[in-house]
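Residue-level structural notes
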Amino acid sequence: MKDKAEVLAGAGDNTRLAHIGNDPMDFHGFVNPPVVHASTVLFPDAATMEKRAQKYSYGTRGTPTTDALCDAINELEGSAGTILVPSGLAAVTVPFLAFLSAGDHALIVDSVYSPTRHFCDTMLTRLGVAVEYYDPAIGAGIARLMRPNTKLVHTEAPGSNTFEMQDIRAIADAAHKGGAVVTIDNTWATPLYFKPLDHGVDISIHAATKYPAGHSDILMGTVSANAKHWPQLWEGNFALGICGSPDDSYQLLRGLRTMGVRLERHQESALRLAEWLEGNDQVARVLHPALPSFPGHELWKRDFKGASGIFSIVLEGGSPDRFRAKAHAFLDALRIFGLGYSWGGYESLAVHVNLSDRTICTAPKEGPVLRLQIGLEDVADIRADIERGLAAARAV
Ligand SMILES: *Cc1c(COP(=O)(O)O)cnc(C)c1O
């Protein structure tokens, strides 16, 4: 590609995904970057070594492989810098450690990814940070929860498992007025369907394990910061000594190349199934932000460019003592869907959602919540599988 920066500046998402990151001409014209396995980097003389006056100085501080991935993510996020960490969970805990100190107060959305809550309730609390959970629907009302020592406001939109939307701009404005850094777990949308830094967020977090990797075989997290917060994020990560592995970075860059076309298919299949499920008498509610019936739909339409392939259904459960049996009957009848955690891979997955740790967004009363990750299989086959599950649940 000639005049790369200029061409990509005005290009569409899939064109950018095909060409961001490494420049083939930096490495003999090979299309993909080399996988550089490195701890030690050699210097030509003592003076260069003393000043570390060259691009690379040690493996933990980046290699051409990790740089290619970070550059690609920066292009997508519009961020000043990106760090790589070994999991999506670490992509939440590292910025929390980088920006919070003993005596600080942190506001965390109640519909947050459950292991994030576990970190907040255990290690973060032990380190002397006061943690408070807030309603995802709070919007500008978060100003009322801000204290003089509130240093971080964490958002996740849509929320894990129940998909509540948040007014990110309103929350970010109120948080900034109080001097707090605003973080988002943007895993569901990917930077293709929501660009947090354009909506006032300072730090965008991804479980790159999900759609960027796309094949259920890599664990990695990315954390991207705007210019104001990049130095502190970088320093926090440097102090902790965390870095991304070269092989995983290479695979992730490879995954990004097809993420746009994969997401289009995930989106289309998931939406078709969600619409069909909405009319099914075994289903009390479908929790999918792109459905007009969903409470946060207007926010989704205002801010997001698309929807990914994961949503939940609330089954008609009858009496609460049968919720669990109905959920298990549904799951055990499935043949194509795998029963497994995580999502974003090419294959369909289902799980009975546990919401017992919530304090505000508590479990629906109608029945059990089943989360469906819609994979790249043919939609007619996925639908037939869900019909098997619904028939088994009805028989309970
Ligand atoms: C899966 C997930 C994570 C954690 O990612 P891992 O790589 O599995 O640690 C974090 N946040 C959200 C919203 C997730 O869905």
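Bear in mind that the values here come from a model prediction, so they are computed numbers and not experimental data. The residue numbers shown here count from 1 along each chain, following its written sequence. With the structure being a predicted model, the display of local features is reserved for residues of pLDDT at least 70 and the display and counting of side-chain atom pairs for 80 or more, all residues being used for whole-chain, interface and lining totals. Water and hydrogen atoms play no part in the side-chain values, which are based on all heavy atoms of the structure.

A few points about the packing of helix 10 (residues 246-278) against helix 13 (residues 379-394)
Basically, it comes down to this: Helix axes are fitted only over the stretch in contact, all axes being lines through C-alpha atoms; the angle between N-to-C directions runs from 0 to 180 degrees. Put simply, DSSP marks the helices as runs of H or I at least four residues long and the strands as runs of E at least two long, and each gets a number from the N terminus on. Less than a right angle of anticlockwise turn of the near helix away from the far helix marks a crossing as left-handed, whereas a clockwise turn marks it as right-handed. Residues count as neighbours in contact if any of their non-hydrogen atoms are within 4.5 Å of one another.
At a minimum axis distance of 11 Å, the contact between helix 10 and helix 13 shows a crossing angle of 35°. Our pair here, helix 10 against helix 13, has a crossing hand that is right-handed. Facing Ser-269, Arg-272, Leu-273, Trp-276 and Leu-277 of helix 10, the residues of helix 13 in contact are Val-379, Ile-382, Arg-383, Ile-386, Glu-387 and Leu-390.

Some thoughts on the sheet that holds strand 1 (residues 81-85)
Remark on secondary structure: sheet strands pair via backbone hydrogen bonds, oriented parallel or antiparallel. Note the threshold: In this description, strands pair whenever DSSP reports at least two bridges between them.
Pairing in this open sheet of seven strands is mixed, and the strands run 1-7-6-5-4-2-3 from one edge to the other. The two strands at the open ends of the sheet, each matched to only one other strand, are strand 1 and strand 3 (130-134). Put simply, the sheet's adjacent strands are angled 20° from each other on average, direction ignored. Bridge analysis of strand 4 (residues 150-156) against strand 5 (residues 181-185) gives five bridges, and the strand direction is parallel.

Brief notes about the pattern of salt bridges
If charged atoms from side chains of opposite charge come close, those side chains can pair. Convention followed: Any carboxyl oxygen of Asp or Glu within 4 Å of a side-chain nitrogen of Lys or Arg constitutes a salt bridge here.
By the definition in use, this model includes 16 salt bridges. A salt bridge links Glu-132 to Arg-147, with the nearest nitrogen and oxygen atoms 3.0 Å apart. Linking Glu-132 in strand 3 with Arg-147 in the loop between strand 3 and strand 4, this pair joins segments that are 15 residues apart in sequence. Between Arg-265 and Asp-378 there is a salt bridge, with its nearest N and O atoms 3.7 Å apart. Of this pair, Arg-265 sits in helix 10 while Asp-378 sits in the loop between strand 12 (369-373) and helix 13, placing them 113 residues apart in sequence.

Observations concerning the packing of aromatic side chains
To describe a pair of aromatic rings, you give the distance between the ring centres and the angle between the ring planes. For the record, the criterion: When two rings of Phe, Tyr or Trp (its six-membered ring) have centres within 6.5 Å they constitute a pair, described as stacked for plane angles under 30 degrees, edge-to-face for angles over 60, and tilted for the intermediate range. Think of it in three bands: with a 1.4 Å probe and only protein chains considered, a residue is buried below 20% of the maximum accessible area for its type, exposed above 50%, and partly exposed in between.
Counting across every chain of the model gives six aromatic pairs. When the ring of Phe-96 is compared with that of Phe-119, the centres are 6.4 Å apart and the planes differ by 45°; the resulting orientation is tilted. With Phe-96 in helix 5 (residues 88-99) and Phe-119 in helix 6 (residues 114-126), this pair connects stretches of sequence that are 23 residues apart. Judged by relative accessible area, Phe-96 falls into the buried class, the value being 0%. We classify Phe-119 as buried; its relative accessible area is 8%. A ring pair is formed by Phe-194 and Phe-304, whose centres lie 4.4 Å apart and whose planes are at 5°; its orientation type is stacked. Of the two residues, Phe-194 sits in the loop between helix 8 (190-193) and strand 6 (203-207) while Phe-304 sits in the loop between helix 11 (297-303) and strand 9 (310-315), which places them 110 residues apart along the sequence.

Focus: the nonpolar core
Here is the rule: Only buried Ala, Val, Leu, Ile, Met, Phe, Trp, Tyr and Cys residues count toward a nonpolar core, and they belong to the same one when joined by side-chain atoms within 4.5 Å.
In terms of nonpolar packing, the biggest core is built from 81 residues, with Phe-96, Val-153, Trp-188 and Leu-256 touching the most fellow members. Excluding residues within four positions of it along the chain, Phe-96 makes contact with Ile-108, Thr-116, Phe-119, Cys-120, Leu-124, Leu-152, His-154 and Thr-183. Formed by 25 residues, the second largest nonpolar core is a distinct cluster that contains Ala-270, Phe-330, Leu-334 and Val-379.

Considerations on the site of the ligand
What counts, and what does not: Distances are taken per atom, and a residue is near a molecule or strand as soon as one of its heavy atoms is within 4 Å of it. Any pair of N or O atoms that falls within 3.5 Å is considered a polar contact. Within protein, one atom must be able to donate a hydrogen and the other to accept it, and sequence-neighbouring residues count only if both atoms are side-chain atoms. Values of accessible area rely on a 1.4 Å probe in the Shrake-Rupley scheme; residue burial ignores everything except the protein chains shown. The residue classification treats Ala, Val, Leu, Ile, Met, Phe, Trp, Tyr, Cys and Pro as nonpolar and Asp, Glu, Lys and Arg as charged. All others, Gly included, are polar.
Neighbouring residues of the ligand: 13 residues in total, closest Gly-88, Leu-89, Asp-185, Thr-209 and Lys-210. Within the side chain of Asp-185, one N or O atom sits 2.6 Å away from a nitrogen atom of the ligand. Contact between the ligand and Trp-343: an oxygen atom at 3.5 Å from a side-chain N or O atom of the residue. Bound to the protein, the ligand loses 89% of the 380 Å² it would expose on its own. Here the shell around the ligand is composed, by residue class, of five nonpolar, five polar and three charged.

Details of the state of the cysteines
Test applied: Put simply, a disulfide is two cysteine sulfurs that come within 2.5 Å.
Tallied over the full model, the rule gives zero disulfides. For Cys-361, which is in no disulfide, the shortest distance to another cysteine sulfur is to Cys-120 and amounts to 15 Å.

Examining the sheet that holds strand 8 (residues 283-287)
Spatially, five strands are ordered 8-9-12-11-10 in an open sheet, and the strand pairing comes out mixed. Edge strands, defined here as strands with exactly one partner in the open sheet, are strand 8 and strand 10 (338-339). With respect to the sheet, helix 12 (residues 323-333) is in contact with strand 9, strand 10, strand 11 (349-352) and strand 12, its orientation differing from that of strand 11 by roughly 165°.

Concerning empty space enclosed by the protein
Rules: Grid spacing is 1 Å over the protein atoms alone, the probe is 1.4 Å, and a cavity is where that probe fits but cannot get out, while a pocket is an open set with protein on both sides within 12 Å along at least five of seven lines and lining residues have an atom within 4 Å of a point. Grid points are joined across faces, edges and corners, and a volume is the space filled by probe spheres set on the points.
Evaluated as defined, the whole model comprises two cavities of 30 Å³ or more. Counted as a void, the largest cavity has a volume near 60 Å³. Lining of the largest cavity is provided by Ile-73, Glu-77, Pro-191, His-206, Ala-208, Pro-212, Thr-222, Leu-252, Leu-256 and Met-259. Mapped onto the lining of the largest cavity, the elements with two or more residues apiece are helix 4 (64-77) and helix 10. The greatest single-element share of the lining of the largest cavity, amounting to three residues, is contributed by helix 10. A volume near 30 Å³ is recorded for the second largest cavity. Taken together, Asn-32, Pro-33, Tyr-250, Leu-253, Arg-254 and Arg-257 make up the lining of the second largest cavity. Grouping the constituent residues of the lining of the second largest cavity by class yields three nonpolar, one polar and two charged.

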